Amino acid sequence: MIRYPGPLPPEWRDDPRAQRLQRFLADWISRYPGWAWTTIPSPINPNWTLSRRPRSENEVGADLVQDIDFLAVGLADWLRSPDGELVTAVVGTLGLTPEDAELLIDAVRIAGYLQQASGQRRAGIGALVALVAFVIALAALLDSSF
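Given the structure is predicted, the values throughout are model-derived calculations rather than measurements. (Residues numbered from 1 in each chain as written. Predicted model: local features only at pLDDT ≥ 70, side-chain atom pairs only at ≥ 80, totals over all residues. Heavy atoms only, no water.)

**Notes on the overall build of the chain**
Okay, so step 1: Scanning the chain for helices and strands turns up 5 helices and 2 strands.
Okay, so step 2: Along the chain, helices (α) and strands (β) appear in the sequence α-β-β-α-α-α-α when read from the amino end.
Okay, so step 3: Sorting the 146 residues of the chain into buried and exposed places 31% on the buried side.
Okay, so step 4: Summing over all exposed atoms, the chain offers an accessible surface of approximately 9,400 Å²; the carbon and sulfur share of this is 61%. (Helix = DSSP H or I, 4+ residues; strand = E, 2+ residues; numbered from the N terminus. Buried < 20%, exposed > 50% of the residue type's maximum accessible area, 1.4 Å probe, protein only. Areas by Shrake-Rupley, 256 points an atom, 1.4 Å probe, with all protein chains shown as cover.)

**Comments concerning the side chain of threonine 93**
Okay, so step 1: Along the polypeptide, threonine 93 turns up in the loop between α4 (85-91) and α5 (98-145).
Okay, so step 2: Owing to a relative accessible area of 9%, threonine 93 belongs among the buried residues under this scheme.
Okay, so step 3: From its side chain, threonine 93 meets the backbone oxygen of valine 90 in a polar contact 2.6 Å long.
Okay, so step 4: The residues contacting threonine 93, other than those within four sequence positions of it, are Pro5, Gly6, Pro7, Leu8, Pro9 and Gln22. (Polar contact = N/O pair within 3.5 Å; in protein donor to acceptor, adjacent residues only side chain to side chain. Contact = heavy atoms within 4.5 Å.)

**Considerations on the pattern of salt bridges**
Okay, so step 1: On inspection of all chains with the given rule, the structure shows 6 salt bridges.
Okay, so step 2: A salt bridge links arginine 31 to aspartate 69, with the nearest nitrogen and oxygen atoms 4.0 Å apart. Residue arginine 31 is found in helix α1 (residues 16-31), and its partner aspartate 69 is found in helix α3 (residues 68-73); the two are separated by 38 residues along the sequence.
Okay, so step 3: On the basis of relative accessibility, which here comes to 36%, the residue arginine 31 falls in the partly exposed class.
Okay, so step 4: One network of salt bridges, with partners in common, ties together Asp27, Arg31, Asp67 and Asp69. (Salt bridge = Lys/Arg side-chain N within 4 Å of Asp/Glu carboxyl O.)

**Regarding the nonpolar core**
Okay, so step 1: Core analysis: the biggest nonpolar cluster contains 29 residues, and Leu25, Trp35, Leu64 and Leu104 have the highest contact counts within it.
Okay, so step 2: For this core, the secondary-structure elements that each account for two or more residues are α1, α2 (57-66), α3, α4 and α5.
Okay, so step 3: Each residue touching leucine 25, except ones within four places of it in the same chain, is listed here: Leu64, Val90, Val91, Leu94, Leu104 and Val108. (Core = buried A, V, L, I, M, F, W, Y, C linked by side-chain atoms within 4.5 Å.)

**Let's talk about the packing of aromatic side chains**
The description of an aromatic ring pair rests on the distance of the ring centres and on the angle between the ring planes.
Okay, so step 1: Enumeration according to the criterion identifies 3 aromatic pairs in this entry.
Okay, so step 2: Between the aromatic rings of tryptophan 28 and tyrosine 32, the centroid separation amounts to 5.4 Å while the plane-to-plane angle is 50°, which identifies the pairing as tilted.
Okay, so step 3: We classify tyrosine 32 as partly exposed; its relative accessible area is 40%.
Okay, so step 4: Put simply, the rings of Trp28, Tyr32 and Trp35 touch in pairs and so form one group of aromatic residues. (Phe/Tyr/Trp six-rings, centres within 6.5 Å; stacked < 30°, edge-to-face > 60°.)

**Focus on the packing of α1 against α2**
Okay, so step 1: For the pair α1 and α2, interaxial distance at closest approach is 12 Å and the crossing angle is 110°. With respect to each other, α1 and α2 are oriented roughly perpendicular. Contacts between α1 and α2 involve Phe24, Leu25 and Trp28 on the former and, on the latter, Val60, Asp63 and Leu64. (Axes fitted to C-alpha atoms, helices over the stretch in contact; angles between N-to-C directions. Parallel < 35°, antiparallel > 145°, perpendicular 65-115°, else oblique.)

**Points about the environment of tryptophan 48**
Okay, so step 1: Following the sequence through the fold, tryptophan 48 ends up in the loop between β1 (37-41) and β2 (49-54).
Okay, so step 2: Ignoring any residue separated from it by four or fewer positions in sequence, one finds tryptophan 48 in contact with Pro41 and Ser42.

**Some words on the side chain of glutamine 22**
Okay, so step 1: The topology assignment puts glutamine 22 in helix α1.
Okay, so step 2: Given the relative accessible area of 10%, glutamine 22 is considered buried.
Okay, so step 3: The contacts of glutamine 22, once residues within four sequence positions are left out, are Pro5, Gly6, Leu8, Val90, Thr93 and Leu94.

Read these as spatial facts, not as claims about activity.
Written out as C-alpha cells, the structure is:
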C-alpha cells in the first residue's frame, strides 16, 4: 500500500529538507508496513507467532539508519531545529496513530543522532589518516634533504 502524506504545515512547505524527509518516511512506512511491531516466534515452531510487542525507538531508529536512502535525507543537520519541530511537523503529515507518530518521531531523532555520530567518527578517522600521511611525507622530505 502506498502512503500519500498530507500537506506540510505552511512554515515547512517550501523547505526542501522537510520535503525530502516526508518523501523518505512515507516511502519507508509503505515498504515496511509492520515497522512499529515485532513478532516473537514460538520456540516450538518458528513459523508460529507466540506474540507481538511494540518496537522501541532504538530498534526503529537503527532500521532507519541502515536504509541507504536515509543518508540522502541528511537528517544530522536538522537536529538543530528547536524541539525537533521539523521532524514533528513532517511525521504529523503521515496519518499515523498518536502512539506510532510518537515512536517514529523519537526513532527519527535517534537515527539522526546515530548518523551524526557516525559522520563525526568518520571525520576523526580521516583527520588521523591525513596526519599520519603528513608525518610520513615530512619524514621522507627531511630524510632526502640530509
